[in-house]
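An overview of the molecular structure
These are the residues of each chain, in order.
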Amino acid sequence: MLPLRGCKSVSHKVIVWGTGVVGKLVIRELLDHPTFELAGVIVHDPEKDGRDVGDLVGGEPVGLAATTDVDAALAVDADAVAYFGPTAAYADVNIANMSKALRAGKHVVSTAMTPFVYPKACIPALIEPLEQACRDGGKSCFTTGIDPGFANDLFPMTLLGLCGRVDSVRVQELLDYATYAGDYSSTMGFGVPVDKKAILEVPEILVFAWGHTIPMIADAVGVELDRIDTVYEKWPATEPIVYPFGVIEPGQCAAVRFEIRGWVGDEAKIIIEHVNRITNAAAPHWPTATSVENDAYRVEIKGSPNITQETVFRGELDGDPITGGCLATGMRAVNAIPALDDLAPGVVSALDIPLVAGRGTIRQHK
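**Observations concerning the side chain of Asn335**
Looking at where Asn335 falls in the secondary structure, it is placed in helix H9 (residues 321-335). When residues no more than four places from it in sequence are discounted, the contact partners of Asn335 are Phe36, Val356 and Gly358.

This is the structure we're talking about:
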């Protein structure tokens, strides 16, 4: 373990559950970190069972084997589980797994159930099983992400604290989906005729998936929302758009823009806006990043003063926005672990934890 000059190193033992993109990136960081020690790795795929963790993430062997035996892994001495399970579409599986880890006496930090970024906004039937597991295990559970997550809770709330008056705050995700592997046709509408309704066009689903930071911000600044509504727009390709995963034909959806809006009286005061396109050729009239060609998160505050912040994530070695964003997501969760030690058991949000500066991130290398 590398020493930290000028401060005491506090070690937290962490079990990583899930070795998808985020899990693997986090594991690489934990293998060489002065504040956290990798205590175990839980995998789902039987082909990964027993493999050396270093080999699993493309490095040298480290003498720690991944396992599919959840009970054995959770029996290991550790402070927390970093849970990088599937999306909120698999809510039952995620809640069961996270509850199991909590009852084993481990804090849980997670990026899986992003509606849990603000537990207060969740219906009691969904959040109560996890709250009970926290009470049973005497531990806390913190969920984060980029969006929903720190790009539309930590970033805007920090900037709001610099204002004397805020007329509106708009948080934008501006992403080119051309290099994002996955099926976004049914959920967002990409690659299908624009008149075919996508899942996220249903307002209740869109608010559940991405809108819970709106009431979080409202509660943080002490304002009561009168309502939350949504806007969902699609842009049809006017000519074929070729990208790494196929072709968007003319008339098919090549870009989506949606807003989730929190209203105070007759004004939309808190707005989350996504502009997601397949290459920058799509919907050129919609907002784009200003500091880079694409893939950025922007906060725009109108008030006294006006503030604009644009944040870009890129992988250290490949310059890829997916790599950079996924690593930031995972490390925001892991870096929050020490803060959970001082909280009462329960499901917590960004409003409950102090500033997480990333202890141990600046260090002297050999």
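On we go.
**Some words on the sheet that holds strand E1 (residues 12-17)**
The strand order across the open sheet built from six strands is E2-E1-E3-E4-E5-E14, with neighbouring strands paired in parallel fashion. The open sheet has two free edges, formed respectively by strand E2 (36-42) and strand E14 (346-348), since each of these has just one partner strand. Adjacent strand axes in the sheet meet at a mean angle of 20°, parallel and antiparallel pairs treated alike. Sheet strands touched by helix H1 (residues 21-30): E1 and E2. Its angle to E1, the strand with the most contacts, is close to 155°.

**Quick word on helix H4 (residues 91-103)**
Under the 1.5 Å per step criterion, the end-to-end length of H4 is 18 Å for 13 residues, consistent within 8% with the ideal 18 Å. Those residues of H4 lying buried are Ala91, Asn94, Ile95, Asn97, Met98, Ser99, Ala101 and Leu102. At the C-terminal side of H4, Gly105 shows a positive phi close to 85°.

**A few points about the packing of aromatic side chains**
The way to describe two aromatic rings as a pair is by their centre distance and the angle between their planes. Applying the stated criterion across every chain, the model contains 10 aromatic pairs. When the ring of Tyr177 is compared with that of Tyr184, the centres are 4.9 Å apart and the planes differ by 80°; the resulting orientation is edge-to-face. Residue Tyr177 is classed as buried on the basis of its relative accessible area, which comes to 8%. Owing to a relative accessible area of 23%, Tyr184 belongs among the partly exposed residues under this scheme. Pairing Tyr232 with Phe258 gives two aromatic rings, centres 5.8 Å apart and planes at 10°, and the pair type is stacked.

Parameters and conventions
Residues numbered from 1 in each chain as written. Predicted model: local features only at pLDDT ≥ 70, side-chain atom pairs only at ≥ 80, totals over all residues. Heavy atoms only, no water. Helix = DSSP H or I, 4+ residues; strand = E, 2+ residues; numbered from the N terminus. Contact = heavy atoms within 4.5 Å. Pairing = 2+ DSSP bridges. Axes fitted to C-alpha atoms, helices over the stretch in contact; angles between N-to-C directions. Expected span 1.5 Å × (residues − 1). Buried < 20%, exposed > 50% of the residue type's maximum accessible area, 1.4 Å probe, protein only. Phe/Tyr/Trp six-rings, centres within 6.5 Å; stacked < 30°, edge-to-face > 60°.

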